[in-house]
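# Coordinate inspection notes
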Amino acid sequence: MTITQAELENLKEKARQIRLDILEMTTRAGSGHPSSSWSATEIVVALYFGAILRHRPNDPWWSERDRFIMSKGHAAPLLYAALAHAGYFDRDELWRLRQIDSPVQGHPVQGLLPGVEATTGSLGQGLSLGIGHVLAGRLTQLNYRVYVLLGDGECEAGQIWESAMAAAHFKTASLTAILDYNKYQETGPISREMALEPLADKWRSFGWHVEEVDGHNISAIIDKLELVQTITDQPSIIIAHTVKGKGVSFVEADYTFHGRALTPEQAVRAREEINAAR
Amino acid sequence: MQLGELAGLKPSKPMRDVFGEALLNLARQNSRVVVLDGDLGNSTKAELVRQEFPERFFNIGIAESNLVGIGAGMAACGLIPFITSFSSFLLCNAYDQIRLAVGISNLNAKIVGSHGGITLGKDGPTQMGIEDLALMGGIPTFVILAPSDPASMHRAVQAAADHVGPVFLRSSRIAMPHIYPDDNCPFEIGRANILRQGADLTIIACGMMVAAGLDAAAILSTEGIDARVIDLHTIRPLDRDTIEAAARETGAIVCAEEHLLQGGMGSNVARLVAECCPVPMRFVGLPDIYVESADPDDLLVKYHLTAEDIAAAARQVFSAKRRITL
């Protein structure tokens, strides 16, 4: 099912608004991970607003909901902004990111906000949690799908490969991982710090169905997310090639923005760039 | 001399067998209970559940991080996972996952660390769980249980399932004698059991050392020393009232545990006693060492974890108390 041009324009506009909210949240907080959030913005928009996730923002713990687990927990601002735009909670909550007594924690903590499915922030854990959701659904005969957004750097963690092996073993076809492959980890280019390639081959050899996509092309992402729903005997991963800091040129060009908010002056320029992309 | 013999306790079977039976009972009663194994189900005896409920038993393999993560995911969906392995492997490999995915999330998952203490014996220090209580003490949302006999293990497994939230349960390879009648074991999380009243001093113990404490009380009674014995089956939350009353009423305390002295049951009791009613204390447990492979009984003697060692500590603390009060 391909989306119409009008729908696509709506989704692009949603991505633009969420990018702006990520900028606003992290700039006000004076800390956070805007560049890691921007690289996965189109992926999350496709999931929440591209008619992929079956969910009910006014009934957030509906037992048959599809699950979205943000394994790369430092992209919390992206998760929060998406949830707010989807109607899980008031958008004004976003401006309390990292403030005292706020449920909008620096990294996602389960139980504090509707729609936050998992505590993450120590990397490598989200895929295991996703398998747990799949196996629980199988046992309780609930028919939902589970989506896990992985960072590329966290694929260095042993637990990722423990869970990759187990997911194939348990034939978790309702589990889809989306890898935000922006090619940078905190201290530098992944190829320099800890080579991951050949990454697609690794996942294939662990028994996964592998797709690759331009991670900023919303309609292409939706096509892949629909395609993997037809895979019935193995888990799937969509390797999304992305740009860290996407949407703001001087952040795209400087990986040291990882874990760093923009200054108010930089935020003015960033806002202009994001708005100009309309 | 067998554990519990001086106190007149009847011997029983290994605690891991009791755990397996208790888990199976629970699985029969509660369809939300699932069991996750780190490929040690035949040692922890969790595999008893596999035979009867294969659809609710998951061997995740020798991958403890993933084991805990999958269990956490299941707990988030309303199941009650019992995540089982040797505590040495489970806690040390998957501490981050236990902390973040279960502890910070405050999920309704149960971590069962088997082969606690040194009495697994001949497999040696790599397999021994001598630091489990200290490690779990580092994760604030966990209830920590260390039952002392077959009946209390059954009750502890049930209590773990009934409590909504993270629970750590210590299991062991060694046989612990019957302390409670099978049909009459009080077990309330956070409420210690007073097994023997006494006025001269109090022995506070958990796990295997409860039976040794009762043996010690029998030795002391022949010397005219009247020891109170408390089964502190819950390390967190601590039973403040019972411990404070013991300090006030008996004026001297010996803590005994099959665990490192550092960060274990005794150190927690000491903090509480220091706050509410400081009295002379002594501690029976493991100093800062790793013990070797050997027969469990030989290890207990060599590392001073016997009834005689508790009795010796009791005499010391009793005379210290008398020096203070005279």
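Residues numbered from 1 in each chain as written. Chains lettered and ligands numbered in written order. Predicted model: local features only at pLDDT ≥ 70, side-chain atom pairs only at ≥ 80, totals over all residues. Heavy atoms only, no water.

## What to know about the overall build of chain B
Per the secondary structure count, chain B includes 13 helices and 12 strands. Relative to the compact-globule value of 20 Å for 326 residues, chain B shows a C-alpha radius of gyration of 19 Å, a close match. The dimensions of chain B, computed from C-alpha atoms along their principal axes, are 65 × 40 × 40 Å. Put simply, chain B has 326 residues, and 63% of those count as buried. Intrachain contacts of chain B at a sequence separation of at least 6 include 79% that bridge at least 24 residues. Taken as two groups, the 27 positive and 37 negative side-chain charges of chain B have centres that lie 4 Å from each other. (Helix = DSSP H or I, 4+ residues; strand = E, 2+ residues; numbered from the N terminus. Rg over C-alpha atoms; globule rule 2.2 N^0.38 Å. Buried < 20%, exposed > 50% of the residue type's maximum accessible area, 1.4 Å probe, protein only. Contact = heavy atoms within 4.5 Å. Lys, Arg positive; Asp, Glu negative; His and termini not counted. Charge placed at Lys NZ, Arg CZ, Asp CG, Glu CD.)

## Side note on the overall build of chain A
Along the backbone of chain A there are 11 helices and 7 strands. Relative to the compact-globule value of 19 Å for 278 residues, chain A shows a C-alpha radius of gyration of 17 Å, a close match. Scored against the burial criterion, the 278 residues of chain A give a buried share of 60%. Counting only contacts in chain A whose residues sit at least 6 apart along the sequence, the fraction spanning at least 24 positions is 76%. With the model as given, the accessible surface of chain A reaches about 10700 Å², and the carbon-plus-sulfur share is 49%. Charge centroids of chain A, computed over 27 positive and 34 negative side chains, lie 1 Å from each other. (Areas by Shrake-Rupley, 256 points an atom, 1.4 Å probe, with all protein chains shown as cover.)

## A word on the layout of surface pockets
All names here are of chain B. Quantified by volume, the largest pocket comes out at close to 540 Å³. Forming the boundary of the largest pocket are 23 residues, of which M1, Q2, L3, D297 and L300 lie nearest the centre. Counting residues per element, the ones that place at least two in the lining of the largest pocket are α9 (209–221), α12 (296–302) and α13 (307–325). Top element by residues in the lining of the largest pocket is α12. It accounts for 4 residues. Taken together, the residues of the lining of the largest pocket break down into 16 nonpolar, 3 polar and 4 charged. (1 Å grid on protein atoms, 1.4 Å probe; cavity = no way out; pocket = protein on both sides within 12 Å on 5 of 7 lines; lining within 4 Å. Points joined across faces, edges and corners; volume = space filled by probe spheres on them. Nonpolar A, V, L, I, M, F, W, Y, C, P; charged D, E, K, R; others polar.)

## Observations concerning the sheet that holds strand β3 (residues 175–181) of chain A
Residues and elements named next belong to chain A. An order of β1-β2-β3-β7-β6 is seen for the 5 strands of this open sheet, with the pairing classed as parallel. In this open sheet, the two edge strands, each paired with only one partner strand, are β1 (67–70) and β6 (209–214). Pairwise comparison of adjacent strand axes, ignoring direction, gives a mean angle of 20° for this sheet. Across 6 bridges, the pairing between strand β2 (residues 146–151) and β3 is parallel. (Pairing = 2+ DSSP bridges. Axes fitted to C-alpha atoms, helices over the stretch in contact; angles between N-to-C directions.)

## Observations concerning the confidence of the model for chain B
In this model, chain B carries an average pLDDT of 97, and 99% of its residues clear a pLDDT of 70 or more. Among the scores for the predicted complex, ipTM is 0.96 and pTM is 0.97. (pLDDT = per-residue confidence, 0-100.)

## Some points on the pattern of salt bridges
Evaluated as defined, the whole model comprises 25 salt bridges over all chains. Linking R196 of chain B and D226 of chain B is a salt bridge whose minimum nitrogen-to-oxygen distance equals 3.4 Å. Here R196 of chain B is found in strand β7 (residues 193–196), whereas its partner D226 of chain B is found in the loop between α9 and β9 (227–231), with 30 residues between them in sequence. Taking the relative accessible area as the measure of exposure, D226 of chain B reaches 32% and is therefore partly exposed. In this structure, R315 of chain B and E223 of chain B form a salt bridge, with 2.8 Å as the shortest nitrogen-oxygen distance. Residue R315 of chain B is located in helix α13, and its partner E223 of chain B is located in the loop between α9 and β9; the two are separated by 92 residues in the primary sequence. Residue classification places E223 of chain B among the partly exposed positions, given a relative accessible area of 38%. Within the structure, one salt-bridge network assembled from shared partners comprises E24, R28 and R271 of chain A. (Salt bridge = Lys/Arg side-chain N within 4 Å of Asp/Glu carboxyl O.)

## Describing the environment of I60 of chain B
Assignment of secondary structure puts I60 of chain B in the loop between β2 (57–59) and α4 (64–76). For I60 of chain B and I70 of chain B, which are 10 residues apart along the polypeptide, the C-alpha to C-alpha distance reads 8.5 Å. Those residues within four positions of I60 of chain B in sequence are excluded, and the remaining contacts are F170 of chain A together with L36, D37, N66, L67 and I70 of chain B.

## A few points about the packing of helix α3 (residues 41–49) of chain A against helix α4 (residues 76–86) of chain A
Residues and elements named next belong to chain A. Close contact between α3 and α4 brings their axes to 10 Å; oriented N to C, the two are set at 30°. In terms of axis orientation, α3 runs roughly parallel to α4. Crossing angle aside, the handedness with which α3 passes α4 is right-handed. On the side of α3, the interface is formed by T41, V44, Y48 and F49, while α4 contributes L78, L79, A82, L83, H85 and A86. Here the residues of the contact of α3 with α4 sort into 8 nonpolar, 2 polar and no charged. (Parallel < 35°, antiparallel > 145°, perpendicular 65-115°, else oblique. Left-handed = near helix turned anticlockwise from the far one by under 90°.)

## Quick look at the nonpolar core
W203 of chain A together with V269 of chain B are the most contacted members of the largest nonpolar core, which totals 80 residues. Both domains that meet at this core, namely domain 1 (15–170) and domain 2 (193–325) of chain B, each give it at least three residues. The residues contacting V269 of chain B, other than those within four sequence positions of it, are I204, L232, L238, I243, C255 and M281 of chain B. The next biggest cluster of nonpolar side chains, apart from the first, holds 74 residues, and it includes F19, V143, V229 and A252 of chain B. (Core = buried A, V, L, I, M, F, W, Y, C linked by side-chain atoms within 4.5 Å. Domains from an automatic or database assignment.)

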